[in-house]
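Here is what each chain is made of, one letter per residue.
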Amino acid sequence: MKQNLLPEGTREYNDRNNRGLPRGTIREIKEGYEQVIIPAPVLEKSRLRTRINLDEVLGYDTDERMAFDGCTSLNPMQSTVFEAAYNTRENLLICAPTGAGKTNVAMLTVVSHLRDVGLIGAAYHDDDHYYDNGPVSTGKKIVYIAPMKALAQEVVEKFSSKLKCLGIIVRELTGDMQLSRAEAEAAHILVTTPEKWDVVTRKGGDGSLGASCGLLIIDEVHLLADERGAVIESVVARLHRWVESSQRQVRLVGLSATLPNYEDVATFMHVDKAKGLFFFGPEHRPVPLQQTFIGVTVQTKDRFQREKKMDEVCYNVVTDALRAGHQVMVFVHSRKGTGTTAKALGERAAMEGELERLFTGGEDGEEGDENEARTRYVDRVEKSRNRELREHFNNGMGIHHAGMLRPDRKLSEQMFNDGAIKVLCCTATLAWGINLPAHSVVIKGTDVYMPEKGCLVDLSILDVQQIFGRAGRPQYDTSGEATLITHYDAMSRYLDKLVRPIPIESNFIKQLADHLNAEVVGGTVTNIQEAIEWIRYTYLFVRMCKNPLSYGIGAAQHESDPTLRGRSKELAIEAAKLLDERKMVRYNPNSGNLAVTNLGRVASHFYIRNQSVATFNDMIAKKRTSPTDADLLHIICCADEFENVRVRAEELEEVDSLKKASCPLKTLAPVEEFSGKCNVLLQAYVSRARVNSFTLISDTNYIASNAGRVARALFEMCLKNGHASAALKFLRLAKSVDHRFWWFQSPLRAFDDLKKNVYLALENEKVTSEEGYTTFEQTLSLLDLVPEEVGQMCRCFRDGALIQKKIRLLPRVKCTCSVHPITKNTLRFSIELEPIFNWSSRYHGGAEGFWLWVEDSENNRTYHNEYVLFTGRNHPDSTKLELIIPVFDPLPQQYFIRIVSDSWVGVEHLIPVSFRHVLLGGLSSPTFFTNLFDLTPLPVKALADPRYEQLYENRFDVFNPIQTQLFHILYHTDTPVLLGAPTGSGKTTVAELALLRMKKQNPKAKCVYIAPLKSLARERLKEWSKRLGAPPLNWKVLELSGDTSHDSRALNNSDVLICTPEKWDLISRGWRGVSGGFDSSSATIGKRFVREVGLLIIDEIHLLGEERGAVLEAIVSRTRFISRYIQAENNRKTNTPDGKVPEITRIMGLSTALANPYDLADWIGIDTEGYGVDAKRGLYNFRPSVRPVPMVVHIQGYPGRHYCPRMATMNKPCYAAIKDLSPSKPSMIFVASRRQTRLTALDLISHAAGEENPKSFLHCDSDEYIEAIASTLNDDVLKHTITFGIGLHHAGLTSRDRETVEKLYLEGTIQVLIATATLAWGVNLPAHLVIVKGTEFYDGKLNRYVDYPVTDVLQMMGRAGRPQFDKEGVAVIMCEESKKNFLKKFLYDPFPVESCLGGRMCETINAEISIGTINSLSDAVGYLKWTFYARRVRLNPSYYGASSAKEDDIEDFFLSVVQDTVDKLQEHGCITVDKTEGSDYYVGGASLGRAASNFYLNYQTPKQMQNSIAKILYSLSHTHEFNELPVR
């Protein structure tokens, strides 16, 4: 009865039937110690599975058989698991003793996977066997996780040798072996460590290494009980959650030593216990193992006496084995212990006179072989720097520990393998890392120092089993012997654990906070509920359910919370609060939401512990003002990562001497503390000082391998926080640690092939880091000298040219920056970066990265940072950046642009950007906004024309407030109108009212509607053809764009023309009928046409500030010029005085809310200067908040430097936003590219699949209906997504597919539409929720991601809110973290529109000269005054390069612009110039200029074509029109 009440999972429950030691155990009491000998367990041969012959199951000469070359059959253990491992895709857990052949089981799963994904093997089914799994759709890559780097190297060697013949690439991916992305992607098998794979999978996203894995093998799974077990838990839990959410299969194979609670591990790994779980007890060892436990009974507290007794016992055990002709491995627990044990054995043997006979010689004729082996190694041992190794070799012994250099460790392994040494004294790492068996194994002592606890603890039973597993060599021995020597108290504990094994427990709670942070950063956990779900996937949860007491769960708590959800919640909240306190996560206790922060992201990506982050936060806050290099180095050395570095008394003398000789920076902690020791060793490492003590060498390597990572993390933390000087200094330190020389030394140290005296001659001995930094400039100044002088300076007389060649390889960047004021507090920096160094793939690889930031040295702040990449493929092309930078009153004298190489030590540029000539005076006037009056909405009947009223009959009964307020001026006057109002305010109806007025007044007049994009033109054509082209109006609506052509008759008969700006620009150029002898169609059409245009509507006129704005400017300026010209002509005919008649063409501009409406209004002909009733008449600029449907905007920032992973982290929040903000109403997601539409849709589907209803976005009665529609579509991805209620919309779809998607979305069958940004302009498909996923797009020409213009973001947001259905619309803008504040400010505080005419000045002036509008310089200056450009130059002179706003300066500026333009046109043969008339000389069109004007060419193209007429194709492809085409 009592037994049945035992809690499941406890030790008593686990082994209640298995009492006492095995049969045949001998217990002996000897002088000073007690000995227990446990015989090897015997396995009945009849119970073994018969060995499988590989030729029979794999074929004789198949690919699969080649992987097992040298092996004829599988051993019984491997034969048992063969079917499950090779012919199924089940998850497996194999528990078997060390040496049982688990690696071959792993190889079976590897070969099976390679066959299944089609990488090897000819067919998927043959006559003998049918593989029902067939070619599976899973990741192709295999990942093998080994617990240690040493073991990883061994696995790579083993797998490579077996699979090389099949063309399979095996690569190591560990802290020592960094692979480039291309190398990692090319590898079929990656062998890695748990920590490295954890880091890789944290940076998830489609196309990442984690997503390409189809088979994950975890070796030594029993390490779950170890400190590092938490990492395995995290990796496996992340994999299971990813498999469930993405619905992709990944096979998981675990290999483990014998475990008592293997079923728990199987549950954790999602292994089917009936099909995939295999347990083999110790009797399955290939070599039977006799175990001896010796407990030393010396009753003394004197540790020295106890050690002496252990040495004596150890000597007896070792000599017994040697007498029997066996080699022995003696395991101890400290590096120093290896040497002292070998020394003690040697001294005792010499004393007993047995040294030569047993240790260095041999018995019974074996002597010759042994001596021959020893002789072979004598020379190599003599060359070793390790004194101990040499000494012990002479005594026939070797040592092996992690503090030794790798060549010395290898030498010890080889000597032991070849029998040159008989005894090897080593630390436990050898048992885990390298497969080096011996007949006899001895563990001397079980006290292990635990740095975390600062005391001695028992060696874990797992380590004991692992070390015992090294006893017995399968190829040579029929038995093995393992001996454990410990003190008497501990012996009983080990015997107890051996016969009643304790279940392995989880260590996850200790590291829960760090792993939770990683999940929050990866976007897989966004609130406490998800954190609870995540914990349920861990081994911790499995063990909490089985053994709650171990995890602090009392019986009462377990009873009230049987599923342990409450305890999981406690753990999650505890971890979240800790992370929140350390600023790594933002935790909202009310909602339970978890949001990532910069600190958390950096800590996750650089694998920094949360304790370190807490330390950094405190220390950086104290050193906020002006930290020195020494301060920051001290911060690095205080990281929690270095806490385990012990300070040993015997090392202090050497550490002190290193401090004096090799530490250029001050050490701020005494060397007796770990941070002081780390500081000295790190500086010594960078200074390349010689370290003698082997423990110090080992510590130095550990510190150096971590310090670079910690420094990089601190650099990114400071850079993200805008802390300029600390960021720079941390980056310098990180690079110095990576390359092992200081930033104040010569950057030429990066080149190993230069002589040492070159550096020394160039380095100023006195300069240390704190005294300024000029080494890079000094090095560059050598390029101004001749090679002989350089050789002389560097004391290398022949090498002057070589030194200059190396200097030209240093990655320098030439930076030019122009400053353009935008508002009083905002400047635009236009930066051009040009690489001015010689590219060498040997030194620069494929790409060279630079950090650029704008800093204000007075306040020690950075205002913008960016990572700029130059690629070898595009070298030496320059890169252009546009940065928006804040300034504050009073205006500082200057900011600095700092450019620092990401990898080259000492390569930095500092460029001052002066604000002395920046004038902000004209920018201070507040924005004019029109108030929306509270008027009674006008009914449609106010049009007082039945034909017009029917246009709106079925759409609405009354005009909206904005249309009502403008109705009189639109419908009853001919005043020009500028309307600024948010997207969705009904501006199209406003345009229609003006059109109806024009037709009412003059039925023959024509209206030209200019749409900035072809898609918008098409949309308007579709709508107006349907409404205006139908009876009773029957107006002819035509589209004129690059894709359409109409004859002059059709054009003359048209009523409404819908044009793109370029097309109308070209037509209106012919208004005089001048064509210069070329095909005169556009000229004659233009002549006729322009005079008949009564209304010019320019939609989205705020795009004047974008790249194509110059064309809009030319159109309006020309239209007004023509209007005045024709008006004057008419006035002359009728003798009417000027100024009484309104302009012939009414201009109407439609826009979003504007910051500078006066300039635009003045330019299109509205009187903005006057006073009284008519002042500002026609100017309406409503606030952005005046929308028919109010809108709520959420702006979310997402960290991450790289675009694709950042987009991937937005997918889950996208799904959550739809579920929270618009669960059943239509939602639209805007992305930048076709690829992103696809990836976003597939990710949304996988998130929906994780919930109850995967088709929650589909609203139709039957699946057959949507399946039928899907079958009519062309695009495969769309066919798939549409069945889940998600539509795609981009230019890559056929027009029929697009129309189908639009129809389904409008009728509500599909709820989510994912579209590229162009849809915002083109198609009027409103939604309740709009998500702008990412605010940048890839510009192929610039080879980088650039931001959308704010106007585009506003346009996308404008699609939120459906006027007839919604009370409010919702917009969610997901952007890169640093853009968040910018968008907050400028979405509702619009940018002033600036002119872009400067960039197209030559084409514009050339067109006017060609048609005869401009005949002299003064005409050109006069023409300029019509432009918007002229108005903005007066108000913002600094933006355009004018010296001031004074009238004389402006006149001079215009004249210089015109002269410069005329000179360029003359140089390219576009115009003729007659300078005989004085300063205001005559200009006239030339044939090349007329060709450029008539065919809408760049002004440089005609001359280029003329000069290279022989190579016509070459010439065509090199014309300037194609300059903007990207190279992808």
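Residues numbered from 1 in each chain as written. Predicted model: local features only at pLDDT ≥ 70, side-chain atom pairs only at ≥ 80, totals over all residues. Heavy atoms only, no water.

Q: Would you take a moment to explain the overall build of the protein chain for this structure?
A: Counting its regular elements, the protein chain contains 61 helices and 45 strands. Along the first, second and third principal axes, the C-alpha set of the protein chain runs to 135 × 85 × 65 Å. Taking all 1528 residues of the protein chain together, the buried fraction comes to 55%. Taking all contacts inside the protein chain whose residues are at least 6 apart in sequence as the whole, residues at least 24 apart take part in 71%. Just so you have it, the protein chain exposes about 65700 Å², and 50% of that area is on carbon and sulfur atoms. Within the protein chain, one finds 183 positive and 190 negative side-chain charges whose respective centroids are separated by 3 Å. (Helix = DSSP H or I, 4+ residues; strand = E, 2+ residues; numbered from the N terminus. Buried < 20%, exposed > 50% of the residue type's maximum accessible area, 1.4 Å probe, protein only. Contact = heavy atoms within 4.5 Å. Areas by Shrake-Rupley, 256 points an atom, 1.4 Å probe, with all protein chains shown as cover. Lys, Arg positive; Asp, Glu negative; His and termini not counted. Charge placed at Lys NZ, Arg CZ, Asp CG, Glu CD.)

Q: Quick question: what am I supposed to make of the packing of aromatic side chains here?
A: What describes a pair of aromatic rings is the distance from one ring centre to the other and the angle between the planes of the rings. On inspection of all chains with the given rule, the structure shows 40 aromatic pairs. Relative to tryptophan 851, the ring of phenylalanine 715 lies with its centre 5.1 Å away and its plane at 80°, an arrangement referred to as edge-to-face. Of this pair, phenylalanine 715 sits in helix H30 (residues 694-720) while tryptophan 851 sits in strand E24 (residues 847-856), placing them 136 residues apart in sequence. Per residue, the accessibility class of phenylalanine 715 equals that of tryptophan 851, and both read buried. Ring centres of phenylalanine 928 and tyrosine 1158 lie 5.3 Å apart, and the angle between their planes is 25°; this geometry places the pair in the stacked category. Taken together, the residues span a long stretch of sequence, with phenylalanine 928 in the loop between strand E28 (908-914) and helix H37 (946-949) and tyrosine 1158 in helix H45 (residues 1157-1164) at a distance of 230 residues. (Phe/Tyr/Trp six-rings, centres within 6.5 Å; stacked < 30°, edge-to-face > 60°.)

Q: Please clarify how the nonpolar core should be interpreted in this entry.
A: Side chains that are nonpolar tend, in soluble globular proteins, to be buried together. Ranked by size, the top nonpolar core spans 93 residues in total, and within it Phe616, Ile636, Leu714, Phe730 and Leu733 carry the most contacts. The greatest single-element share of this core, amounting to 13 residues, is contributed by H30. Filtering out sequence-adjacent residues up to four positions away, phenylalanine 616 remains in contact with Ile608, Ala621, Ile635, Ala639, Val710, Leu714 and Met717. By size, the runner-up hydrophobic cluster in this structure holds 63 residues, among which are Met1191, Cys1214, Val1350 and Ile1373. (Core = buried A, V, L, I, M, F, W, Y, C linked by side-chain atoms within 4.5 Å.)

Q: Help me out: how do you make sense of the packing of helix H54 (residues 1401-1410) against helix H58 (residues 1447-1467) in this one?
A: To characterise two packed helices, one gives the angle between the axes of the helices and the distance between these axes. At their nearest, the axes of H54 and H58 sit 10 Å apart, and the two run at 80° to each other. As the angle between them shows, H54 and H58 are arranged roughly perpendicular. In contact with Met1401, Cys1402, Ile1405, Asn1406 and Ile1409 of H54, H58 contributes Val1457, Thr1461, Lys1464 and Leu1465. Classifying every residue of the contact of H54 with H58 gives six nonpolar, two polar and one charged. (Axes fitted to C-alpha atoms, helices over the stretch in contact; angles between N-to-C directions. Parallel < 35°, antiparallel > 145°, perpendicular 65-115°, else oblique. Nonpolar A, V, L, I, M, F, W, Y, C, P; charged D, E, K, R; others polar.)

Q: It is not clear to me how the pairing of strand E29 (residues 977-980) should be interpreted in this structure. Could you clarify?
A: Side-chain alternation along E29 places Val977 and Leu979 on one buried face and Leu978 and Gly980 on a second face that is also buried. In the sheet, E29 pairs with strand E34 (residues 1146-1151) via four bridges, with the strands oriented parallel. In the sheet register, valine 977 faces E34, and the bridge partner there is methionine 1148. Taken together, the three bridges between E29 and strand E35 (residues 1179-1181) define a ladder with parallel strand orientation. Pairing of leucine 978 across the sheet is with leucine 1179, part of E35. (Pairing = 2+ DSSP bridges.)

Q: So what exactly am I meant to see when it comes to the sheet that holds strand E22 (residues 813-823) here?
A: Each strand in a sheet pairs with another by means of backbone hydrogen bonds, the pair being arranged parallel or else antiparallel. Here we have three strands laid out as an open sheet, ordered E22-E23-E26, and antiparallel in their pairing. Each having just a single partner strand, E22 and strand E26 (879-886) make up the two edges of the open sheet. Each neighbouring strand pair of the sheet contributes to a mean axis angle of 20°, computed without reference to strand direction.

Q: I tried to follow the environment of threonine 1060 on my own but got confused; where do I start?
A: Tracing the sequence through the fold places threonine 1060 in the loop between strand E32 (1056-1059) and helix H42 (1061-1068). Distance in space between the C-alpha atoms of threonine 1060 and proline 1012 is 5.8 Å, their sequence separation being 48 residues. With near-sequence residues (within four places) excluded, threonine 1060 lies in contact with Ile1010, Ala1011, Leu1013, Lys1014, Leu1040 and Ser1041.

Q: Sorry if this is basic, but what is going on with the confidence of the model for the protein chain here?
A: Regions with low pLDDT should not have their predicted coordinates read in detail. The predicted model of the protein chain has a mean per-residue pLDDT of 84, with 91% of residues at 70 or higher. Confidence drops under a pLDDT of 50 for residues 363-368, and excluding neighbours within four residues, the segment shows four contacts in the predicted structure. With pLDDT under 50 throughout, residues 1075-1081 is counted as low confidence; its partners more than four residues away or in other chains account for eleven contacts. (pLDDT = per-residue confidence, 0-100.)

Q: Would you take a moment to explain the packing of helix H20 (residues 512-522) against helix H24 (residues 565-581) for this structure?
A: Between H20 and H24, whose axes approach to 9 Å, the crossing angle comes to 80°. By the criterion of interaxial angle, the relationship of H20 to H24 is roughly perpendicular. Of the residues in H24, those in contact with Leu512, Ala513, Leu516 and Asn517 of H20 are Leu571, Ala572, Ala575, Ala576, Leu578 and Leu579. Its residues assigned to classes, the contact of H20 with H24 shows nine nonpolar, one polar and no charged.

Q: Quick question: what am I supposed to make of the state of the cysteines here?
A: One way to say it: the disulfide is the covalent bond shared by the sulfur atoms of two cysteines. Summed over all chains, the structure comprises zero disulfides. No disulfide involves cysteine 815; its sulfur sits 6.1 Å from the nearest other cysteine sulfur, which is in cysteine 817. (Disulfide = S-S within 2.5 Å.)

Q: So what exactly am I meant to see when it comes to the side chain of serine 675 here?
A: Among the structural elements, serine 675 can be located in helix H29 (residues 674-686). On the basis of relative accessibility, which here comes to 4%, the residue serine 675 falls in the buried class. Apart from the residues within four sequence positions on either side, serine 675 is in contact with His634, Cys637, Cys638 and Ala669.

Q: I keep staring at the sheet that holds strand E39 (residues 1312-1316) and nothing clicks. Help me out?
A: On the basis of which strands lie adjacent, the open sheet formed by six strands has the order E36-E43-E40-E37-E39-E38 and parallel pairing. In this open sheet, the two strands that pair with only one neighbour each are strand E36 (1191-1198) and strand E38 (1286-1289). Averaged over all neighbouring strand pairs, the angle between strand axes comes to 15°, with direction disregarded. Sheet topology note: the strand E37 (residues 1227-1231)/strand E40 (residues 1329-1333) ladder contains four bridges and is parallel. Looking across to E40, one finds that serine 1227 is bridged to leucine 1329.

Q: Explain the pairing of E34 to me, please; I cannot follow it from the model alone.
A: Successive side chains on a regular strand alternate, one facing one side of the sheet and the next facing the other. For E34, the buried fraction is high: six of the six residues fall into the buried class. Here E34 shows two buried faces, one formed by Arg1146, Met1148 and Leu1150 and the other by Ile1147, Gly1149 and Ser1151. Direction of pairing for strand E33 (residues 1093-1098) relative to E34: parallel, over a ladder of four bridges. The residue bridging leucine 1096 from the neighbouring strand is isoleucine 1147, located in E34.

Q: What's the story with helix H28 (residues 652-662) in this structure? I'm lost.
A: Two residues of an α-helix separated by three or four positions point the same way, owing to the 3.6 residues in each turn. Within H28, burial applies to Glu654, Val655, Leu658 and Ser662. Projected down its long axis, H28 carries its buried residues within an arc of 100°, all on one side. Turned more than 90 degrees away from the buried face of H28 sit Glu653 and Lys660, all of them exposed. (Arc of directions from axis to C-beta.)

Q: Which parts of the structure should I look at to understand unusual backbone geometry?
A: One can expect most non-glycine residues to show negative phi and most peptide bonds to be in trans. At the junction of histidine 875 and proline 876, the peptide bond is cis and its omega measures out at 0° in the coordinates. With respect to the helices and strands, proline 876 occurs in the loop between strand E25 (861-871) and E26. Look at the link from proline 1031 to proline 1032: it is a cis peptide, with omega at 5°. Position of proline 1032 relative to the elements: it lies in the loop between helix H40 (1014-1027) and strand E31 (1037-1040).

Q: Sorry, what's going on with the pattern of salt bridges here?
A: Pairing between side chains of opposite charge can happen when their charged atoms approach one another. Within the structure shown, the criterion is met by 66 salt bridges. Close ionic contact of glutamate 533 with arginine 565 constitutes a salt bridge, the shortest N to O distance being 3.5 Å. Remark: arginine 565 occurs in helix H24 and glutamate 533 occurs in helix H21 (residues 528-535); sequence separation between them is 32 residues. Judged by relative accessible area, which is 33%, glutamate 533 ranks as partly exposed. Measuring nitrogen to oxygen at the nearest pair gives 2.8 Å for the salt bridge that ties glutamate 1408 to arginine 1118. Taken together, the residues glutamate 1408 in helix H54 and arginine 1118 in helix H44 (residues 1109-1134) connect sequence positions 290 residues apart. A relative accessible area of 2% means that arginine 1118 is categorised as buried. Each of Arg955, Glu992, Arg1020, Glu1023 and Arg1027 takes part in salt bridges that share partners, so that together they form one network. (Salt bridge = Lys/Arg side-chain N within 4 Å of Asp/Glu carboxyl O.)

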